[in-house]
Amino acid sequence: MTQNNRNPGVPLDLDWVMGAHVNKSAVERRVESLPKRRTVKKDWQAAWLLRAVTCIDLTTLAGDDTPGRIRRLCAKAKQPIRPDMLSRMGLDGEKITVGAVCVYPNRVKDAVEALQGSDIPVASVATGFPAGQTPLPQRIQEIEQAVEAGAREIDVVIARNYVLTGNWQAMYDELQQFRKACGEAHMKTILATGELGTLKQVYQASLVAMMAGSDFIKTSTGKESVNATLEVSLVMTRAIREYLERYGYKIGFKPAGGISSAKQAMAWQSLMKEELGDDWLKNDLFRFGASSLLTDLERQLYHFITGHYAAKHHMPMG
Amino acid sequence: MSTLLEIFKTMEYGPAPESPDAVKAWLDEHGRKFGLFINNEWVTPKGAKYYPSYNPSNGELLGETVQAGKKEVDAAVAAAREAFGTWSKTPGVVRARYMYAIARNIQKHHRLLAVLESMDNGKPIRESRDIDVPLLARHFYYYAGWAQLMETELRDYQPVGVVGQIIPWNFPLLMLAWKIAPAIAMGNTVVLKPASYTRLSALLFAEIVAEAGVPAGVVNVITGSSSAGSMLVEHPDIDKVAFTGSTDVGRILRRQTAGSGKKLSLELGGKSPFVVFEDADLDGAVEGVVDAIWFNQGQVCCAGSRLIVQENVAARFIQKLKARMEHMRVGDPLDKSIDMGAIVDKTQWETIDSWVKTGISEGGECYQPNIKMPEKGLFYKPTLITGLDPAAATVQEEIFGPVLVSLTFRTPSEAIELANNTRYGLAASVWSDNINLALDVASKIKAGSVWVNCTNLFDGASGFGGYRESGFGREGGREGLFEYVRPIWMDRPRPGLDTASPTRPPLDGKKWGEHVPARPAPPTTARANGRDLPRVDRTPKMYIGGKQVRPDGHYTFSVIGAKGQIVGQVGDGNRKDIRDAVEAAHKAHLSKPGWAMRHGFNRSQILYFIAENLDARNAEFVERIVEMTGRTKKSAQAEVDTAVERLFTYAAWADKFGGSVQETTLRGITVGVNEPIGVIGIACPDEYPLLGFVSLMAPAIARGNTVVMIPSQKHPLSATDFYQVLDTSDVPDGVVNIVTGDRDHLTKTLVQHEDVDSVWYFGSAEGSYWVEYESAANMKRTWVGYGLPRDWMSREQGEGHEFLHESTQVKNIWVPTGE
């Protein structure tokens, strides 16, 4: 019953939410062994790393972001890998770009302009990012303004208090309103798992977020003290799988924060491939929320091509 | 080969091979021919026969090893014997240094060991690298610690001597660690024989031991076929045999060593249940199944090969499992990106395949994922067979391959019943997020290791070993030490009945225990004069299920006193009395609360009460002993007083031997629980008619066993007098059952009874032989005296840890924590 159309959301099924079981030690065991069960080498590694590049939501979410900073980032987004390197890998003419550029609402316009002519979507965080502790009308308005400014993806944050107090209905209702405000723009729902109490809550929040119509579920804002981990990612991917089995909609997944090495990226790719399947290796269903990951991917690719370990300063800045 | 661009589009996995170069160099340096490792030297016998070792994933010849013959086995045992003279006297702290050096050296050669293991055995490099070799090192570290502590913590014990160890091919290095580490820690020396299929890693290990500077002869490795194994087992200068392998071979070894006085530990087969409750993390449990049955291609004695799922989640669980199976990768063991490697040998592959065919013919539905398989080599797909019932052979028998069978249950009690519906009892896995349920089930499954919400976890600090036909003895943990030590007062039993010797006395199993029922025996002395008032006839019956019942055969024999007088008459028991007593003993476990389920405090109260009531009849028991044995009153008084004291001892132990928290590497709790063994049949010694009886009954019931006692054949009246003591002491019906009669005749039925869990026998050397021999039928535990004297009056020999050890079996329950 797989459907390729967008998840419209489904009625809140509280029985399912309340009946969830997540065993932490079992999750840890899977996550510990998985990266040791799967690895790719040589051409395969290069191809996978390149694929990882295309899944990056190249992100800057800082107080000191300026139009100039955004422009530089967008330039990198359009050409994340040096053309000479692509050519040496036999990928002349392949359009390799990152998955999206992710910025604050105030910078959406700068990014949209800088990315003109490319297909790269601009993603905007919204809804009182990162804490989500602003009044609801403002949060909704923020979405509307970002969409208005040209954002095609909105990374919304949930109100963590609803998860911590078990108020699933309120979480669901609020996300539905967010979804409505997103309109055509895809909604990527940030669970901020580092601020949730248990893996079971992560699983439950994932279900509610999907039922409310999320297109992606995302681990973290990057601002919590603990961001993307393989443990929460495993739990969220399993929720995605279960949702697919029940309703036939494919929901995307975005780990964000703390993924900065090619090795980590490959662990996540294995997780996607093993738990969800190959569809979740491509950027319509999988993104890395990252800022420094790209540099390491580039360096590893350079090593693949030349056999030499690369210098960071040889890779063009984003 | 795909281009990078194609891979970019398909996102397939590619080959990720670990290099075999270092192993090849090692093999080449040995000219691909290996001798035996005796006295820290390579020994190549003249005219040796060689046996090839192949890589099962590609058929490549790795090297050849010697087929040891009698001369070589003798040389290895002699080397170990000579080394034992010094090693057993080497201070523990010195042995600890050597063992620490071994552990360090294992780590230094970690990758070489792992790669060789994978090449020789076919297991994935991930497993040999991340599990087998780290555990190998861990065991040596752990037992280095016990070597360090032996003189203070085990001061009542001494090493056993020269140990012959035979290990299987599924975990060549890990099994070697389980065998060698505790043995040499306790001051024993070893001769180890690796399995035929996988001989190379043990030889590499031997080199590593030598490199660590361990004195010559402490660890000797001989290669050879099963006949070399037999020579080792039957060698008169071996003091202990330790074996891991199939239950069938275990049976043979039990019989081969019977009556010899050699200690024996066996870690045998299994068909371990994997129980999934509706409130389990089903995705987590699916991964558990992967670790349970597809670890090491399912060639794991404790593999969770019987999936038992709650009916209301079974369909969903099976669906998830099948989906997961589609992601399994089978291939080159040296590939770092696979889940399953090769089956060890063609014979094994064919056995697995024939089991799958049997499963299908028994009505099972076979599922194998649609995954890419290597074109050559001994690979087998992960396999699930659903729709079978416990009646199917495929559900009952160990397959030893990547084949899982599944069953469903309705209630927790049915889950437990299904889990225990097996001749084996090695391990179990229980999945539920309800701690009450999970721990209750864990406590009721009969298995040596129970993993809650996890599976196949091992650590040096936790014992591993079986219940039932999965063997006896533990490897790992403190409990594992007792396989390699003997009480300090005890010499190596030499029953003078060396069954291994070709000149052994002809023993006739049919003749042993033969018995013609008793006839009247008129008194030879103290004839009645017809004037005095005779004693009221008092003929005790059998004591079964808390009642006195007439002997089934309605035969009676007279008990003749020291002066030839008839001091009483007792029932002459037969097979059926034993049968009834065993039934009653089982029933005592089933009543609510069953004897084993009562708390230690309650059992201690009952033991104190027995002591109290015995002491109240002190004079009567003294008189009876004098009358039967002709010993002095003083001596009889000492016996009765000691018996009372002994009851106090075990009343004390009733709530002080529950087990321990094991300090494993698991985050969570690993608890080693000293569980009762179940129903124990006990043939009492002739000497000390009361004390012998009490010294054996008390520890057994203190630790929650129920017993069938065969009292001293010569002097049974102290035991029959005991009926009334038991009757007045709140002992629940069936906890203690007493059958009088011909000791060996009754013992024979007991030891052949397949629902008796252990037999203790303190009769003759020949009887000891038969008890050990016949116990192989259901691999029941045995404890025999070999007809050798034991000072029942002394606390050192007549009570204590040895008795508690024989009354319990360790179950290790692993409970990971974290929410």
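Calculation rules
Residues numbered from 1 in each chain as written. Chains lettered and ligands numbered in written order. Predicted model: local features only at pLDDT ≥ 70, side-chain atom pairs only at ≥ 80, totals over all residues. Axes fitted to C-alpha atoms, helices over the stretch in contact; angles between N-to-C directions. Helix = DSSP H or I, 4+ residues; strand = E, 2+ residues; numbered from the N terminus. Parallel < 35°, antiparallel > 145°, perpendicular 65-115°, else oblique. Left-handed = near helix turned anticlockwise from the far one by under 90°. Contact = placed C-beta atoms within 7 Å. Nonpolar A, V, L, I, M, F, W, Y, C, P; charged D, E, K, R; others polar. Buried ≥ 20, exposed ≤ 12 C-beta atoms within 10 Å, placed from the backbone. Pairing = 2+ DSSP bridges. Domains from an automatic or database assignment. Expected span 1.5 Å × (residues − 1). pLDDT = per-residue confidence, 0-100.

## Overview of the packing of helix α15 (residues 412–419) of chain B against helix α16 (residues 435–444) of chain B
Residues and elements named next belong to chain B.
(1) Moving on: The geometry of α15 relative to α16 is characterised by a closest axis approach of 10 Å and an angle of 30° between their N-to-C directions. Between α15 and α16, the angle is such that the two are roughly parallel. When the axes of α15 and α16 are compared, the crossing they make is right-handed. The segment α15 lies against α16, with Pro 412, Ala 415 and Ile 416 engaging Leu 437, Val 441 and Lys 444.
(2) Moving on: In terms of residue class, the contact of α15 with α16 is built from five nonpolar, no polar and one charged.

## Describing the pairing of strand β13 (residues 306–310) of chain B
All names here are of chain B.
(1) Moving on: Counted residue by residue, β13 has five buried out of five residues, so it is predominantly covered.
(2) Moving on: Of the two faces of β13, both are covered, the one formed by Arg 306, Ile 308 and Gln 310 as well as the one formed by Leu 307 and Val 309.
(3) Moving on: Judged from the four bridges that link them, strand β12 (residues 273–276) and β13 form a sheet pairing that is parallel. Residue pairing across strands places Val 275 opposite Ile 308, the latter belonging to β13.
(4) Moving on: Of the strand pairs in this sheet, β13 and strand β16 (residues 403–409) are connected by five bridges, and their pairing is parallel.

## Observations concerning the domain arrangement of chain B
All names here are of chain B.
(1) Moving on: We note that the domain assignment places domain 1 (40–268 + 481–487), domain 2 (273–465) and domain 3 (544–816) within chain B.
(2) Moving on: Averaged C-alpha coordinates put domain 1 and domain 3 at centres separated by 37 Å.
(3) Moving on: Between domain 1 and domain 3, the contact holds 11 residues from the first and 11 residues from the second.
(4) Moving on: When the residues that make up the side of domain 1 that touches domain 3 are grouped by side-chain class, the tally is four nonpolar, four polar and three charged.

## Considerations on helix α8 (residues 200–211) of chain B
Residue and element names in this part refer to chain B.
(1) Moving on: Across its 12 residues, α8 extends 17 Å between first and last C-alpha, which sits within 8% of the 16 Å expected from 1.5 Å per residue.
(2) Moving on: By the burial criterion, the buried members of α8 are Leu 200, Ser 201, Ala 202, Leu 203, Leu 204, Phe 205, Ala 206 and Val 209.
(3) Moving on: Looking one or two residues past α8, Gly 213 carries a phi angle of roughly 85°, positive in sign.

## Observations concerning the sheet that holds strand β3 (residues 122–126) of chain A
Residue and element names in this part refer to chain A.
(1) Moving on: Taking strand neighbours across the sheet as the criterion, the eight strands line up as β7-β6-β5-β4-β3-β2-β1-β8 in an open arrangement whose pairing is parallel. With partners counted over all chains shown, the strands left at the sheet margins are β7 (252–254) and β8 (288–290), one partner each. Averaged over all neighbouring strand pairs, the angle between strand axes comes to 25°, with direction disregarded.
(2) Moving on: Of the pairings in the sheet, the one linking strand β1 (residues 56–59) to strand β2 (residues 100–103) comprises three bridges and is parallel in character. Opposite Asp 57, over in β2, you have Ala 100 as the bridge partner.

## Remarks on the packing of helix α18 (residues 600–616) of chain B against helix α20 (residues 633–653) of chain B
Residues and elements named next belong to chain B.
(1) Moving on: Running from N to C, α18 and α20 cross one another at 170°; their axes reach a closest spacing of 8 Å. It follows from the interaxial angle that α18 and α20 lie roughly antiparallel. Together, Ser 604, Leu 607, Tyr 608, Ile 610, Ala 611, Leu 614 and Asp 615 of α18 and Ala 643, Val 644, Leu 647, Phe 648, Tyr 650 and Ala 651 of α20 make up the contact between the two elements.
(2) Moving on: In terms of residue class, the contact of α18 with α20 is built from 11 nonpolar, one polar and one charged.

## Focus on the confidence of the model for chain B
All names here are of chain B.
(1) Moving on: The pLDDT averaged across chain B works out to 96; a share of 98% of its residues lies at or above 70.
(2) Moving on: Counted against residues more than four places away or in other chains, residues 499–503, with its pLDDT under 50, gives nine contacts.
(3) Moving on: Scored as a whole, the predicted complex attains pTM 0.97, and scored at its interfaces, ipTM 0.97.

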